[in-house]
Amino acid sequence: MNKSIAAKLTQLSVRLEELNRLLSSESIMVNLDQYRKLARERAEIAPVVDLYNAYLQSEQDIHTAQEMAADIDMREFADAEIRDAKERLVRYGAELQKQLLPKDPNDERNIFLEIRAGTGGDESALFAADLFRMYARFAERQRWQVEIISQSPSDAGGYKEIIAKISGEGTYSRLKFESGGHRVQRVPATETQGRIHTSACTVAVMPEADEIEDVALNPAELRIDTFRASGAGGQHINKTDSAVRITHLPTGIVVECQDGRSQHKNKAQAMSVLAARIRDKQMQEQQSKQAATRKSLVGTGDRSGRIRTYNFPQGRITDHRINLTLYKIEQIMDGDLNELCSALLAEHQAEQLAAMAE
């Protein structure tokens, strides 16, 4: 390990001790925003320091085994210990190099997931519902929380649009490569002649913004309208103007929220989504500039292009960015996304390593 990497890892070890002291102090809970930031930083640093300690321990094991090798009776055992420790060193060294790659500051944030039906009419709306179920099942497997912010059902039972908040450890880091166009090829339930139809949906994954610090929302630039929520009648019919629509005048971004019965809650939810969309727009613009300098395969989250095809007759899913085809469509649609997410992350890390080498 070169000196600069060792120095960086030593700095992280010192910083972890400092964070542990700060987070255990009685005064930290006075400022919850500061507490969340420090806790997020600690969650990011701790695994790297643990890995570095394991690396140092392997170095120590080699040194101890080399001393043991001076004893003829222990030499065979010592040589085996040295081989094992050296293998661990190589493995830990490679992993540490990955851990020290530039971190996405949003990786530990919660996300807003937006799915919109595209070309294909009712079939596209049904596919939007299938995609939402896929992500909700994945979230359930990760023990994340899913909260529907707003939904626009289609006549056929799918969604023209659905927005949900997914909360949990590492939600953005696992799902950030899902943004883009998703295409489906299958025989719709309404198709009488068995013809395969192609339709599409767009998915947007946006990190939740720390509203006050990340996005400056000027009240003078917001138009807030209230209206009566649409939906089922009966005893729960909405008799008040609890639904909220917020328009950000400079960007033209419009957010509606009507799922909650409280106007106050709907407004708070809509403001959160608005902050995330504005921040996401800023990130997209920044990434577009970076991509012009160096083309990134999976890192830009470009929503204009098709990223994945779901072919039901052939039972396959293909991610076009990394040319990965998996013949396990039923498992994936049931939320088994780990193989896809891991492959996309590995490709992204390979690009980062290549950029560092340049």
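Everything below is about the structure printed above this text.
Cut-off values and rules
- Residues numbered from 1 in each chain as written.
- Predicted model: local features only at pLDDT ≥ 70, side-chain atom pairs only at ≥ 80, totals over all residues.
- Heavy atoms only, no water.
- Phe/Tyr/Trp six-rings, centres within 6.5 Å; stacked < 30°, edge-to-face > 60°.
- Helix = DSSP H or I, 4+ residues; strand = E, 2+ residues; numbered from the N terminus.
- Buried < 20%, exposed > 50% of the residue type's maximum accessible area, 1.4 Å probe, protein only.
- Pairing = 2+ DSSP bridges.
- Axes fitted to C-alpha atoms, helices over the stretch in contact; angles between N-to-C directions.
- Parallel < 35°, antiparallel > 145°, perpendicular 65-115°, else oblique.
- Left-handed = near helix turned anticlockwise from the far one by under 90°.
- Nonpolar A, V, L, I, M, F, W, Y, C, P; charged D, E, K, R; others polar.
- Expected span 1.5 Å × (residues − 1).
- Bend = angle between axes of the 7 residues up to and from the residue.
- Contact = heavy atoms within 4.5 Å.
- Polar contact = N/O pair within 3.5 Å; in protein donor to acceptor, adjacent residues only side chain to side chain.
- Core = buried A, V, L, I, M, F, W, Y, C linked by side-chain atoms within 4.5 Å.
- Salt bridge = Lys/Arg side-chain N within 4 Å of Asp/Glu carboxyl O.

### Here we look at the packing of aromatic side chains
- Applying the stated criterion across every chain, the model contains three aromatic pairs.
- Ring geometry for F127 versus Y310: centroids 5.3 Å apart, planes at 70 degrees, classification edge-to-face. Placement of F127 in helix α4 (residues 121-142) and of Y310 in strand β9 (residues 306-311) is noted, with a sequence separation of 183 residues between them. There is no split in this pair, since F127 and Y310 are both buried.
- Ring centres of F138 and W144 lie 5.6 Å apart, and the angle between their planes is 90 degrees; on these two criteria the pair is classed as edge-to-face.

### Digging into the sheet that holds strand β6 (residues 222-227)
- The antiparallel open sheet is built from three strands, whose spatial order is β6-β7-β8. Whereas interior strands pair on both sides, the edge strands pair on one side only; in this sheet they are β6 and β8 (253-257). Averaged over all neighbouring strand pairs, the angle between strand axes comes to 15 degrees, with direction disregarded.
- Strand direction decides the pairing type here: strand β7 (residues 243-248) and β8, joined by five bridges, are antiparallel.

### Let's talk about the packing of helix α2 (residues 32-68) against helix α3 (residues 75-99)
- Between α2 and α3, the least distance of the axes is 8 Å, while the angle of their chain directions is 160 degrees. What the angle tells us is that α2 and α3 run roughly antiparallel. Of the two possible hands of crossing, α2 and α3 adopt the one that is left-handed.
- Here the contact of α2 with α3 is composed, by residue class, of 15 nonpolar, four polar and six charged.

### What about α2?
- Given a rise of 1.5 Å per residue, 37 residues ought to cover 54 Å, and the 52 Å separating the end C-alpha atoms of α2 matches this to within 8%.
- Along α2, the largest kink reaches about 25 degrees and is centred on I45; proline P47 follows within four residues of it.
- Within the sequence span of α2, burial applies to L38, I45, A46, V48, V49, L51, Y52, Y55, S58, I62 and A65.
- Looking at the packing, one finds that the buried side of α2 touches α1 (3-24) and α3.
- For α2, the side-chain oxygen to backbone nitrogen distance between the N-cap and D33 is 3.2 Å, and the N-cap itself is N31.

### Section: the nonpolar core
- Core analysis: the biggest nonpolar cluster contains 37 residues, and L113, I115, L131, Y135 and Y310 have the highest contact counts within it.
- Counting residues per element, the ones that place at least two in this core are β1 (111-117), α4, β3 (159-167), α5 (171-175), β5 (197-207), β11 (324-326), α8 (329-333) and α9 (338-357).
- For this core, the leading source of residues is α4, giving nine residues.
- Filtering out sequence-adjacent residues up to four positions away, Y310 remains in contact with F127, L131, M134, H182, R183, V184, Q185, R316, I317, I329 and M333.

### Here's the deal with the pattern of salt bridges
- Applying the stated criterion across every chain yields a total of 24 salt bridges.
- One salt bridge connects R277 with E114, and the closest N-O pair in it is separated by 2.6 Å. Here E114 lies in strand β1 and R277 lies in helix α7 (residues 263-293), a separation of 163 residues in the sequence.
- Note that R186 and D130 form a salt bridge whose closest N and O atoms lie 2.8 Å from each other. Residue R186 is found in strand β4 (residues 180-186), and its partner D130 is found in helix α4; the two are separated by 56 residues along the sequence.
- Since its relative accessible area comes to 12%, R186 is described here as buried.
- A relative accessible area of 26% places D130 in the partly exposed class.
- Within this structure, R133, R137, E140, R141 and D334 form a network of salt bridges that share partners.

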